Amino acid sequence: MVDKIRVSLLGSTGMVGQKMVRMLANHPYIELVKVSASPSKIGKKYREAVKWIEPDEIPEKVADLPMVSTDIEDHKDVDVVLSALPNELAEDVELKLVKEGKIVVSNASPFRMDPDVPLINPEINWDHLELLKRQKLNKNWKGLLIKNPNCTAAILSMPLKPLERLVKAKGIFVTTLQAVSGAGYSGLPFMAIEGNVIPWIKGEEDKIPREINKMLGKLINNSISQAGLQIYATTTRVPVKIGHMGVINIVTEGKVNEEEIKKSLREFRSLPQEKNLPTAPKVPIMVLDEEDRPQPMRDLQYYNGMSVAVGRVRAEEGLLRLIVLGDNLVRGATGITILTLEVMKELGYV
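Every value quoted in this text rests on a predicted model; they were computed, and no experiment measured them.

Conventions and cut-offs
- Residues numbered from 1 in each chain as written.
- Predicted model: local features only at pLDDT ≥ 70, side-chain atom pairs only at ≥ 80, totals over all residues.
- Heavy atoms only, no water.
- 1 Å grid on protein atoms, 1.4 Å probe; cavity = no way out; pocket = protein on both sides within 12 Å on 5 of 7 lines; lining within 4 Å.
- Points joined across faces, edges and corners; volume = space filled by probe spheres on them.
- Helix = DSSP H or I, 4+ residues; strand = E, 2+ residues; numbered from the N terminus.
- Buried < 20%, exposed > 50% of the residue type's maximum accessible area, 1.4 Å probe, protein only.
- Axes fitted to C-alpha atoms, helices over the stretch in contact; angles between N-to-C directions.
- Parallel < 35°, antiparallel > 145°, perpendicular 65-115°, else oblique.
- Left-handed = near helix turned anticlockwise from the far one by under 90°.
- Contact = heavy atoms within 4.5 Å.
- Nonpolar A, V, L, I, M, F, W, Y, C, P; charged D, E, K, R; others polar.
- Pairing = 2+ DSSP bridges.

Chemist: Mind showing me how you'd approach the layout of surface pockets here?
Modeler: Once rolled over the atoms, a probe with the size of a water molecule shows which space is left empty. If you add up the space inside the second largest pocket, you get close to 1,100 Å³. Together, 39 residues line the second largest pocket, and Lys19, Arg22, Glu54, Ile242 and Leu329 are the ones closest to its centre. Mapped onto the lining of the second largest pocket, the elements with two or more residues apiece are α1 (15–24) and α8 (190–193). Examining the composition of the lining of the second largest pocket, we find that 4 residues originate from one element, α1, more than from any other.

Set out below in structure tokens:
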């Protein structure tokens, strides 16, 4: 019998929080025991505080949990705090908990680029958890802070990792087509996006290159040596509910072998797969050969949304093109948080 990891969840009533509640409902060893949201909801039962939008009913184990505050007193008896807080609230709340001794695994952006804070996409850079040793030495914190990447960076970084050894990139040009759910449940008015494309998303074009270069960087003497990739991102919002797509053009030195690229993507595996972790997709990258794939309506379901789909792989002299698609709420947020905690348990950080 595996000992349960008792967790609390900040931001439990939002879109990502609800998906976290559902994904943890039947987890073999992570047990959600406390839920937290805005002050106006404290004391209510979860079922009373949430406007539930996930498929199926609210899990019974959670439905009658009382909503608690974000104060340390309400989280002292849990092993780990998971955070789905909005960025504008996360920094102060999470930092207070970490300073008081809690382990916090967070999906919010503050501290992602702090050199002492690991930014984890588990298949890509699980070894960066070693930074926690440096964090203990350098920060005046009693606990630990671990961050997950921006949802788009999480999806885009998946195919870039196995290509490192095959492709010498002179420049990477990315255009994203990002679903409206990336802006939150009420984050984008219907009239703004219906039948429309918005060719700019605040902050995304800076986050993507910074975060990918940190994740693909090498861990040397408890520090991250950035990957140094020249990434140029154009981010757009499209009228799709779920699924972030990236059209990636890599300027290469010479021609690369198209079949070798596909084989490398298909065969990519990492520690989460080797350890058969519960949330890890058996095949992290699904390579599709059809000319018109991947598509959000058809290709988000692989391994419960934890795989990314790659298609339109084409190699020419000096250029490699591919299209990647991922579930921004699962691979880009909820699932990556849970899988990060599973890796931490496997490696003895929890």
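Chemist: Just checking my understanding: could you explain unusual backbone geometry for this structure?
Modeler: For residues that are not glycine, phi is negative in most cases, and the peptide bond is trans in most cases. Looking along the chain, the bond that leaves arginine 293 and enters proline 294 is cis, with omega of 10°. Here proline 294 is to be found in the loop between β12 (285–287) and β13 (308–316). Within the chain, phenylalanine 111 stands out as a residue other than glycine whose phi angle is a positive 80°. Mapped onto the elements of the fold, phenylalanine 111 is located in the loop between β5 (103–106) and α5 (122–125). Look at asparagine 222: it is not a glycine, yet its phi comes out positive at around 60°. Along the chain, the position of asparagine 222 falls in the loop between β8 (218–220) and β9 (223–225). For asparagine 222, a relative accessible area of 28% translates into the label partly exposed.

Chemist: How should the packing of helix α7 (residues 151–163) against helix α9 (residues 204–215) be read in this particular structure?
Modeler: Two packed helices can be described by the angle between their axes and the distance between those axes. Direction vectors running N to C along α7 and α9 enclose 45°, while the axes themselves pass 9 Å from each other. Relative to α9, the element α7 is oriented oblique. The interaxial crossing formed by α7 with α9 has right-handed handedness. In contact with Thr152, Ala153, Leu156, Ser157 and Leu160 of α7, α9 contributes Glu204, Ile208, Glu211, Ile212 and Met215. Grouping the constituent residues of the contact of α7 with α9 by class yields 6 nonpolar, 2 polar and 2 charged.

Chemist: Explain the sheet that holds strand β14 (residues 319–326) to me, please; I cannot follow it from the model alone.
Modeler: Strand order in this open sheet of 6 strands is β10-β7-β11-β14-β13-β12, and the pairing throughout is mixed. If you trace the sheet from one side to the other, it starts and ends with β10 (231–237) and β12, each paired once. Each strand of the sheet is rotated relative to its neighbour by a mean of 20°, with strand direction disregarded. Note that strand β7 (residues 169–178) and strand β11 (residues 244–252) share 8 bridges and pair antiparallel. Of the residues in β11, the one forming a bridge with leucine 177 is methionine 245. On the sheet, α9 packs against β7 and β10 and is oriented at approximately 135° with respect to β10. In the packing of helix α10 (residues 258–267) onto the sheet, the strands contacted are β12, β13 and β14, and the crossing angle to β13 comes to about 160°.

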